[in-house]
Amino acid sequence: DDTVRLSDMAKQMGVKAQDLIKTLFGLGVMATINQSLDFDTASVLAAEFGYEAENVAFDEQEYLLPPEEDSPDSLKPRAPVVTIMGHVDHGKTSLLDAIRKTNVTGGEAGGITQHIGAYHVKTGRGEIVFLDTPGHEAFTTMRKRGAQVTDIVILVVAADDGVMDQTREAVSHAKAAQVPIVVAVNKIDKEGSNPDRVMRELSDLGLVPEAWGGETIFANVSAKQHTGLDELLEMVLLQAEVLQLQANPDKPGRGHVVEAKLDKGRGPVGTVLISEGTIRQSDSFVCGMVHGKIRAMFTDQGQKIQEAGPSTPVEIQGFDTIAEAGDEFVVVADDKVAKRIASIRLGKHRDKELAGKAKVTLESFLASR
Ligand code: GDP
Ligand code: MG
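An unreviewed UniProt entry lists the chain under the name Translation initiation factor IF-2, with Paucidesulfovibrio gracilis DSM 16080 as the source organism.

Rendered as structure tokens:
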């Protein structure tokens, strides 16, 4: 709505709320500190203090593109997004590397794999997107920020070690997020490996293997010897089919930042995983408090592309500053709108920070008495 609170206005103008109230009284308007002033009143009042009021009392929603209903036939299948979790040293990084090496091939002509925080693999049955910042921290950080990008968790358990603390942690995180788990029993090449024990221990945590009448899919793998990887990917796609993952590609794109950094030659860059719609070169966007325009975008193979649809990870150039992992990326009408929304968000953020600081000061003042 187009109103401003008297107390907020006083703060913005750097005058006492009492002075605004007095001035309003002089103008024949009775007001309290919590009063909402309409734009005309605020303008007159501001003018009395030599300020010009700008009508910025708007909601960012007004500036976002209207939400579009996705009709059932606008929804198209999309690839599953997978995060690998598990106890330290059980083989998360090795598994990610092995899958990447065996499935990201020269198929995409001239491509050199880039680390952009996510990559996709092609199998005979379909594509899978992997977030390659393994670990629970990335998963929980994103979730805390309201970004649920993972569709399936691959839980890696070393067959020679069995269920450990971080295995249990991973299970509870995935369960809390209601993300299905596919178990990869790793290191089956090792002497003393005991996949049955892993099945028993995970059953105790409620992950009962299909072979034992449960619903959890298990696959035995060796990340070191690259065995069982195709079967694992097939199991992931099977699980994905059950989830019936879909999105509408025919609307302005949105997604989430999975990684962002400052690149020496290229400025702030960020990897965005598109969740719905399609993003295109030259689109204007907001991303948390950051805004920008897509100057260029690249796949995990380093290929320059012009557009990207649902479940595609792309590295984007054109952020005005560094975004944060978990930030929602939203295409908007134009640059002006992008800047406007980003500045509203920044303003709100600063207000919150100020409020936080003022409170601390007051509390410490009280405490010191
Ligand atoms: P992470 O901490 O979960 O990322 O585990 P890493 O991928 O770093 O692996 C930890 C150690 O286990 C490394 O020394 C790997 O070489 C080894 N490792 C990983 N996968 C296998 C496997 O399938 N078989 C064997 N024998 N060793 C493995
Ligand atoms: Mg690792």
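More follows now that the structure is in view.
A. Expanded view of the sheet that holds strand β9 (residues 217-220). Ordered in space as β5-β6-β4-β7-β8-β9, the six strands form an open sheet in which the pairing is mixed. One side of each edge strand has no neighbouring strand; the edge strands of this open sheet are β5 (118-123) and β9. If you compare each strand with its neighbour and ignore which way they point, the axes differ by 30° on average. Where strand β8 (residues 181-186) meets β9, four bridges bridge the pair, whose relative direction is parallel. Bridge assignment links V183 to a residue of β9, and that residue is F218. In the packing of helix α7 (residues 195-204) onto the sheet, the strands contacted are β7 (152-158), β8 and β9, and the crossing angle to β7 comes to about 130°.

B. Region of interest: the site of ligand 1. Near ligand 1 lie 15 residues; those nearest to it are D89, K92, T93, S94 and D189. Side-chain polar atom of S222 to an oxygen atom of ligand 1: 3.3 Å apart, as the coordinates give it. The fraction of the free accessible surface of ligand 1 (580 Å²) that becomes covered by protein chains is 73%. For the shell around ligand 1, the leading source of residues is helix α4 (residues 92-103), giving three residues. Residues of the shell around ligand 1, tallied by class, amount to two nonpolar, seven polar and six charged.

C. The arrangement of the environment of E241 in detail. With respect to the helices and strands, E241 occurs in helix α8 (residues 229-243). Residues E241 and P77, 164 residues apart in the sequence, show an inter-C-alpha distance of 9.4 Å.

D. Up close: the pairing of strand β12 (residues 267-276). With eight of its ten residues buried, β12 lies for the most part within the structure. Across nine bridges, strand β11 (residues 254-263) lies against β12 in antiparallel orientation. Within β12, the residue paired with G255 across the bridge is I274. Between β11 and β12, which pair antiparallel one after the other, the connecting turn spans three residues.

E. View of the pairing of strand β18 (residues 313-319). For β18, the tally of buried residues reaches seven of seven residues, placing the bulk of the element in the interior. Both β12 and β18 contribute to a ladder of five bridges, which runs antiparallel. Residue pairing across strands places V269 opposite Q317, the latter belonging to β18. Both strand β15 (residues 290-298) and β18 contribute to a ladder of four bridges, which runs antiparallel.

F. Region of the structure containing helix α6 (residues 165-176). Helix length check: α6, at twelve residues, gives a terminal C-alpha distance of 17 Å against a target of 16 Å (1.5 Å per residue), a fit within 8%. Listing the buried residues of α6 in full gives T167, A170, V171 and A174. When α6 is viewed along its axis, its buried side chains cluster within an angular range of 100° and face the same direction. Residues of α6 that are exposed and point over 90 degrees away from its buried face: D165 and A176. In this structure, the buried side of α6 is in contact with β4 (81-86), α5 (136-144), β7, β8 and α7. Downstream of α6 by one or two residues, Q178 has phi in the positive range, about 55°.

G. Seen up close, the nonpolar core. Counting residues in hydrophobic clusters, the biggest one holds 26 residues, and the most contacted among them are L95, I99, I128, F130, I154 and L232. Counting only elements with at least two residues in this core, the list comes to β4, α4, β5, β6 (126-131), β7, β8, β9 and α8. Take this core: its biggest share by element is six residues, from α8. Counting 20 residues, the second largest nonpolar core, distinct from the first, contains M85, V153, L207 and F218.

What counts and what doesn't
Residues numbered from 1 in each chain as written. Chains lettered and ligands numbered in written order. Predicted model: local features only at pLDDT ≥ 70, side-chain atom pairs only at ≥ 80, totals over all residues. Heavy atoms only, no water. Pairing = 2+ DSSP bridges. Helix = DSSP H or I, 4+ residues; strand = E, 2+ residues; numbered from the N terminus. Axes fitted to C-alpha atoms, helices over the stretch in contact; angles between N-to-C directions. Contact = heavy atoms within 4.5 Å. Near = heavy atom within 4 Å. Polar contact = N/O pair within 3.5 Å; in protein donor to acceptor, adjacent residues only side chain to side chain. Areas by Shrake-Rupley, 256 points an atom, 1.4 Å probe, with all protein chains shown as cover. Nonpolar A, V, L, I, M, F, W, Y, C, P; charged D, E, K, R; others polar. Buried < 20%, exposed > 50% of the residue type's maximum accessible area, 1.4 Å probe, protein only. Expected span 1.5 Å × (residues − 1). Arc of directions from axis to C-beta. Core = buried A, V, L, I, M, F, W, Y, C linked by side-chain atoms within 4.5 Å.

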